[in-house]
Structure formats: C-alpha cells, structure tokens
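Structural characterization, general
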Amino acid sequence: MALAGRTVAWWARLRSPCPAAVPLCLPPRLPAGPVACERLYSSRGKEKLDMLMYPVESIRNFSIIAHVDHGKSTLADRLLEITGTIAKTDRNKQVLDKLQVERERGITVKAQSASIFYNHEGVNYLLNLIDTPGHVDFSYEVSRSLPACQGVILVVDANEGIQAQTVANFYLAFEAQLAIIPVINKIDLKNADPERVEKQIEKLFDIPIDECVRISAKQGTNVEKVLQKVIEKIPPPQCNTADPLKALVFDSTFDHYRGVIANIALFGGEIEKGHKIVSAHTKKRYEVNEVGILTPNEQPTHKLFQKLAPHGSSGKKIRYAGQVGYLIAGMKEVTEAQIGDTLFLYKQPVEPLPGFKSAKPMVFAGMYPVDQTEYNNLKSALERLTLNDSSVTVHRDSSLALGAGWRLGFLGLLHMEVFNQRLEQEYNMSVILTAPTVPYKAILSSAKLIKEYGKAEITIINPAQFPDKLSVSEYLEPTVLGTIVTPHEYIGKIITLCQDRRAVQKDMLYIDERRVMLKYLFPLNEIVVDFYDALKSLSSGYASFDYEDAGYQAADLIKMDILLNGNPVEELSTIIHNDKAYATGKFLCERLKDAIPRQLFEIAIQAAIGKKIIARETLKAYRKNVVAKCYGGDITRRMKLLKRQAEGKKLMRKIGNVEVPRDAFIRVLKRQTDK
C-alpha cells in the first residue's frame, strides 16, 4: 500500500512493499519551533539519522483517544505539520488513515502511528504517537495500542462534550495507569462551550480544570502546547538495555515479497541484523534480515550507523530498549507472527510478556465464496487480513446451499461491514455473508448429547447447531452493560426504546444540567444490528452509545427458519426471543419480499418455528397476457390458454431456483425505526 504523503506508520504496510526511505538528517541541537523542523525534513539525503541521539529519557510514547468524530485524526495531522514531518498544505486530511475504507467512510478503523522529532528547550525528543479509532466496534485497537504507551491525549469535543466512548477510553487508560492529558478540541465552533466541558471532565474523571488544554486542531490553535504537555507530563519508557532481549509483537502485516513484517516494541535489550531470535509462541527460530524504525517511510536502521556508529560498535545495532519499529525475519506463514507474541534471543530465554487480552467476538456470521473455485484464494486473503486484524476469529464451516466457508466472529456489525469491504478492496474478493448472530449457550439435559459434546454447557454460534428444546434444560443469551450519554430532552424517547429492547435500567446520572448518562443491561441480540442507528435517529444524532460484556442470563429462545417455496434458507435462520417471534417473522418476510427480485413463478416467503408457519408473504410472478390475442370467440379458448400458462408456472416453481441478492442478508435484518 502506498504511504499517504510522507507520514509514518507502525501498523501499516498492507499491500505492496514500499521502497526504503532515504535516511533523514537530525542535528544534535536544533533551535525550537516548526521552521527548524521543516528545514530538517527538507534536508533528507545529506546526513543520516543517528538513533544514539535519542536515549530512553528522550522518548515519549503516547496515544490519541476520543469518541468518534471528536478530532483525533485532525489533531494528529496538525502535530505532524508542526514538527515538520509532513509539509503544511490544505490537502492534509486524515493523513494517517491509509485504508481506502477509512477515507470513504471518514472514520478510523485501524490504529495508525507516526514517529516525530521535536525540539523542546534545546533537547531533541522522539515522539511516537498512535491515532486510534473512536467507534465502539474498534475498541480492541485502542486497548492493544495502550501497552506500547506511557500516556494518552484524551480529546473531547468542545461542542458535544463527554460522550460514551470518551468514558470507556478514559477507563482503559486509567486501568493501564497511563498519564492522561485532557484536550478540549473545536473551540473555534460557534456553539463551543469549553467551560462546560472542563466541568464535565472534573466531575467525571476527577481531573483539575487547569490541566485541560483548549485547542482548535483544524486551525492549529494551541496545538504546540499539546506537544509541550506530552514532554512534561508523560514519562519515558521504563527499560534497561542491560537486560536480555524482550520484544513485544504489537501488530503485523504481510508483504508478498518479504513475508511477514512484525511491528515490535522493545522492553529490554537490543537487537541487530543477523541476530538469531526465537518466538515464545511457536518456539521457532529465525534470523533477523532487517530491522528499522518507521519515520515518514520505512527505514532500515543498519544503514544509519555505517558512518555514525560509536567507537567499538559493529555499526549494525539498530534497535534499543524503549524504541518501537519493525522487524523482518523470514517468517513466510501469516500464523508465525502472532499479535502479543514475545521475541527473545536464541539460547537466552526470558519470561514472556503478558501480551494482549483476547478480543471477545460479539457478532458471528458465515462467509462463503461466491464461486467455490475461489475457495483457496479467499482462504489466503482471510489469513492475511486476519493477521492485520487479529480481533476477528475464524472457524471452518459449510452450508448445503453455499458450500465450504467459514464462521467469522466480529466485535460488531460495523466491524463486519468494514472487514467485508476491505476484502473486496484490498484482495478483490467477492463473498456471501450470512445474517449476523450472537453466541448463545444451552444447558443440555440429554445424556446422549452431553456424551456427544463432552460437556453439559455448549456455545451456539450457528443457528444450524441450535438444539431441540426437549434436549435442553435452559437456554442462555449474552448480555452487555450499555452506557448512553444524551441531552436531557431525549430521555423519554430513549427510555422507551431501551424498554422495547428488553433492557433493564441500572443507573442514571446527570453529568451537568444538560446531559444525562444512562446505564442499561441489554440482551446483546437486541442491540447488535440496528440499535445504534435507532438511538441516533431518536436523539437527532446527539446521543452516544458504548457497551461492555456483562455475561449470560437465562432466556426463552427459539429458532426461526425462513422458507422460500417450502425450502428452508439456512443462511437466513435466526435465534430470537419467543416474545418477539411473530413480529420478527412478519417483518423479515416483508423485507425479504422487497429484497428478492420477482421471478417468472410465484414465490411463497414464510417464517416458521418448527413446523408451524407464523408469517407469510407472496411474491407475485411476472405474467404474460396470453389472452391478448383473443378477440371475442368461445370462452373455452381463453380458459385453455390460461390453464396452459398455470401449468407452466407450476412446473417452473418446482424446478426454479430463487435468486437471493448477496446484500439481502444484511438488509433484511435492518429494522426500521417505525416498526
């Protein structure tokens, strides 16, 4: 993937390899300010970057976290401009959002990173920033970025104030014991109220008002003050170069020519080209072919020290504790670079780092190739894409209608849609996605089934695996604790919406005189498809929503099948609560009637629970006027033509296949707010 502008990315490199960047010049002492930095980056090629100038105490690793659309990427753009990392132009928008899907949707879905150099009070600093996603479906990217940091910039919109994901991200950073710098953005807006937002931050997060920095990332107002706060408030990484090598793999991508490129953060020791290293996860041994840092382009560091290495050095040492960068070591299989793995030197084993907490999938869907001849190509594409997005879980699956495929687990519906879009854009793969479901559990009462599964409690991720009620003592459904932040005038509508979704209110707190924070216990199945859309519609876009796992609870669940001309469509089968069976069945039939194109024969669309039909819609056939040529005459002539047409339609209905559009599976599950 071509890098946008001249920005840095620890996490990027998705498609084709980039040519190695020309080394940069960085003198030992620079006059402070952006002009000097502009001069620095324009002089590339004259001298080479010497990483020995940046001891651990001059390194700052930090993330930018916020609710979606509060200005994280815009702030990252301004920081890159101020330090001279990129040229200052009007085209610098979402510079670190490198994926096509990010630019099309205007959101960050993949945590992206940049290394910048900044001179403060006569000292040169290496600042590694990570721009993180703001949507709840990509919160795993945030939690995975924080272990590589010692502090965060918490961005809050001066107009919107604190919202649900702001609260969630704050507690992620707080639990990781990171330094937190509150930044109030968009103070240039007409309706901005930074005083109110400062009071919210003090009340909810117990951060003094005088620690908040007011900025306008769009106009660049006070942005340099943020850099100064980063240096003053965020501590340098804690490590010791005398310790043996201990490197954390925090991301990895696949390059067609060089294999797996692992992005690493060093927590001890040093590494150089030619070192023999071992993976703590796979126990395999590798030889380091290339290691480097990510400045505006990928930069192998072994070239940097050939002239500037200190006396007694081989000139090839390229990574020091406290730094981050990339490593290429001949890993040819995508499974060899596991996210959270620990790398150490051969014959110098160390205690593996804790790694990352595994992502817990919230939504499951079946994925099948449109043509079974593309199965192997799709398998390869899935392996490479899941290497870059480790929050997706993959299990092999098969369908009578669609053939061999996979059952994938996602963190939410938007995550599923973005993953599908990346498959199409980056790997040119067209796939069929089945209706999304959530993982249920069943407590078995049948001794035969308990023996078959080897346990009494089973997890159901595919409606086809749903056991009969006679064999089960209890069904369990997943629940989440949802947080809603909304202006107080919408409380009534939102409470009604939550009650319709079988939610139980747990808490209600006024953040200030205008905004309220509600906490509800939701069944996951009730919010996973369209709750967010309905909430935004009811609140005119002002309410925000975030959720976290809250375990399982007992529920009266049933399996509902969708039949087309009496034939069950396995991909549209769904598990629902008994109280909502009739309404959901009727709704699905109506939406499917609109989604399926008319055929030359009549199609009966039915919703069934077991053998009982609970809803039906009929899609009328295209029909030729066969009696148009009869002008008068005997009625038997007309009846004969109509009878012959009816027989033809009946035969066609027996042998005809109903064509279901690929995107119908998502559309029929989308509820409308007036239903």
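About the thresholds
Along each chain, residue indices are assigned from 1 in the same order as the chain's sequence is written. In view of the model being predicted, local features appear only for residues whose pLDDT reaches at least 70, and side-chain atom pairs are presented and counted only at 80 or more, with totals across whole chains, interfaces and linings using the full set of residues. With hydrogens and water stripped out, all remaining heavy atoms of the structure feed into the side-chain values. Secondary structure follows DSSP: runs of H or I at least 4 residues long count as helices, runs of E at least 2 residues long count as strands, and numbering of each begins at the N terminus. For every residue, the accessible area obtained with a 1.4 Å probe (protein chains only) is divided by the maximum for its type, and the residue is called buried under 20%, exposed over 50%, and partly exposed between those limits. The contact rule is simple, with two residues in contact once any of their heavy atoms fall within 4.5 Å. The accessible surface values rely on the Shrake-Rupley method and a 1.4 Å probe; as for residues, cover is taken only from the protein chains in view. Note on ring pairs: Phe, Tyr and Trp rings are taken, using the six-membered ring of Trp, and paired if centres are within 6.5 Å. Classes follow the plane angle, with under 30 degrees stacked, over 60 edge-to-face and the rest tilted. One bridge is not enough; two strands pair if DSSP finds at least two bridges between them. In this analysis, the expected span of each helix is defined as 1.5 Å times one less than the number of residues it contains. Note on definitions: salt bridges are taken to be side-chain nitrogens of Lys or Arg within 4 Å of carboxyl oxygens of Asp or Glu. Axis definition: a line fitted to C-alpha atoms, limited for helices to the stretch in contact. Angles are taken between N-to-C directions and run from 0 to 180 degrees. Here, the term nonpolar core denotes a set of buried Ala, Val, Leu, Ile, Met, Phe, Trp, Tyr and Cys residues that are joined through side-chain atoms within 4.5 Å. Each angle receives one of four descriptions, namely roughly parallel if under 35 degrees, roughly antiparallel if over 145, roughly perpendicular if within 65 to 115, and oblique otherwise. The classification used treats Ala, Val, Leu, Ile, Met, Phe, Trp, Tyr, Cys and Pro as nonpolar, Asp, Glu, Lys and Arg as charged, and all other residues, Gly among them, as polar.

Remarks on the overall build of the chain
- The helix and strand tally for the chain stands at 17 helices and 31 strands.
- Classification of the 675 residues of the chain by burial places 56% in the buried group.
- A separation threshold of at least 6 residues defines the contact pool for the chain, and within that pool the share at least 24 residues apart is 72%.
- Roughly 29,700 Å² of accessible area belongs to the chain as shown, and the carbon and sulfur atoms make up 50% of that amount.

Structural notes on the packing of aromatic side chains
- Going through the model one piece at a time under the given rule, you end up with 12 aromatic pairs.
- Here the aromatic rings of Tyr-375 and Trp-406 are separated by 4.7 Å at their centres, their planes lie at 10°, and the arrangement is stacked. On the criterion of sequence distance, the pair formed by Tyr-375 in helix α9 (residues 375-388) and Trp-406 in strand β19 (residues 403-410) is long-range, its members being 31 residues apart.
- Here Tyr-375 falls in the buried class, since its relative accessible area comes to 13%.

What to know about the pairing of strand β12 (residues 290-294)
- Burial analysis of β12 places five of its five residues in the buried class, which makes it a mostly covered element.
- With three bridges joining them, β12 and strand β15 (residues 324-328) adopt antiparallel strand pairing. What sits directly across from Glu-290, in β15, is Ile-328.

What about helix α5 (residues 164-175)?
- Along its 12 residues, α5 runs 17 Å from first to last C-alpha, staying within 8% of the 16 Å computed at 1.5 Å per residue.
- At the exit of α5 stands Gln-177, carrying a positive phi of roughly 60°.

Concerning the pattern of salt bridges
- Under the counting rule described, the total for this entry stands at 18 salt bridges.
- In this structure, Arg-196 engages Asp-193 in a salt bridge whose closest nitrogen and oxygen atoms are separated by 3.5 Å.
- Under the relative-accessibility criterion, Asp-193 is labelled partly exposed at 25%.
- In this structure, Asp-561 and Lys-559 form a salt bridge, with 3.9 Å as the shortest nitrogen-oxygen distance.
- Of the residues examined, Lys-559 reaches a relative accessible area of 24% and is grouped as partly exposed.

Some thoughts on the sheet that holds strand β2 (residues 112-120)
- Strand order in this open sheet of six strands is β2-β3-β1-β4-β5-β6, and the pairing throughout is mixed. The open sheet has two edge strands with one neighbour each: β2 and β6 (213-214).
- The pairing of strand β1 (residues 59-66) with strand β4 (residues 151-157) spans five bridges and is classified as parallel. If you follow Phe-62 over to β4, its bridge partner there is Gly-151.
- Against the sheet, α5 makes contact with β1, β4 and β5 (179-185), and its axis sits at roughly 150° relative to β1, the strand it touches most.
- Against the sheet, helix α7 (residues 223-233) engages β1, β2, β3 (123-131), β4, β5 and β6, with an angle of about 85° to β2.

Side note on the environment of Glu-160
- Locating Glu-160 in the fold gives a position in the loop between β4 and α5.
- Under the relative-accessibility criterion, Glu-160 is labelled buried at 19%.
- Each C-alpha atom of the pair Glu-160 and Lys-186 lies 9.7 Å from the other, and the pair is 26 residues apart in sequence.
- Apart from the residues within four sequence positions on either side, Glu-160 is in contact with His-70, Arg-515 and Tyr-542.

Let's talk about the side chain of Thr-479
- Residue placement: Thr-479 occurs in strand β23 (residues 472-487).
- The residues contacting Thr-479, other than those within four sequence positions of it, are Leu-521, Phe-522, Pro-523, Leu-524, Asp-549, Ala-550, Gly-551, Tyr-552 and Gln-553.

Some points on the sheet that holds strand β17 (residues 363-369)
- One open sheet accounts for four strands, arranged β18-β19-β17-β20; its pairing is antiparallel. What marks the edges here is a single partner per strand, and that holds for β18 (393-399) and β20 (431-433). Neighbour-to-neighbour, the strand axes of the sheet open up by a mean angle of 30°, direction not taken into account.
- Two elements, β18 and β19, share seven bridges in a ladder whose sense is antiparallel. Looking at β19, one finds that Val-394 is bridged to Leu-408.
- Together, β17, β18, β19 and β20 form the strand contacts of α9, whose direction differs from that of β19 by roughly 15°.

Regarding the nonpolar core
- Residues Phe-419, Leu-423, Ile-484, Phe-522 and Phe-531 are the most contacted members of the largest nonpolar core, which totals 58 residues.
- Among all residues touching Ile-484, those that are not within four sequence positions of it are Ile-494, Cys-498, Val-516, Met-517, Leu-518, Phe-522, Phe-531, Leu-535, Ser-544 and Phe-545.

Digging into the side chain of His-577
- Residue position: His-577 is located in strand β29 (residues 574-577).
- Owing to a relative accessible area of 11%, His-577 belongs among the buried residues under this scheme.
- Excluding its chain neighbours within four sequence positions, the residues that come into contact with His-577 are Arg-502, Ala-555, Asp-556 and Leu-557.

A short note on the pairing of strand β24 (residues 504-510)
- Pairing of β24 with strand β25 (residues 515-523) involves six bridges; the strand directions are antiparallel. Bridging across to β25, Tyr-510 finds its partner in Val-516.
- Following β24, the chain reverses through four residues before pairing antiparallel with β25.

A few points about the packing of helix α2 (residues 72-82) against α7
- Viewed as axis vectors pointing N to C, α2 and α7 meet at an angle of 85°, and their least axial separation amounts to 10 Å. With respect to α7, the element α2 is oriented roughly perpendicular. Residues Leu-75, Arg-78, Leu-79 and Ile-82 of α2 pack against Val-223, Glu-224 and Leu-227 of α7.
- Here the residues of the contact of α2 with α7 are counted per class, giving five nonpolar, no polar and two charged.

Some details on helix α6 (residues 194-205)
- Counted at 1.5 Å a residue, the expected span for α6 with its 12 residues is 16 Å, and the 16 Å between its end C-alpha atoms agrees.
- Along α6, the residues classified as buried are Pro-194, Arg-196, Val-197, Glu-198, Gln-200, Ile-201, Leu-204 and Phe-205.
- The inward-facing, buried residues of α6 abut β4, α5, β5, β6, β24 and β25.
- Of the residues trailing α6, Asp-206 is marked for its positive phi of about 60°.

Describing unusual backbone geometry
- One non-glycine residue, Glu-121, adopts positive backbone phi at about 55°.
- Within the secondary structure, Glu-121 is located in the loop between β2 and β3.
- With a phi close to 55°, Asn-428 is a non-glycine residue in the positive phi region.
- Here Asn-428 shows up in the loop between α10 (413-427) and β20.
- Accessibility expressed as a relative area gives 68% for Asn-428, which makes it exposed.

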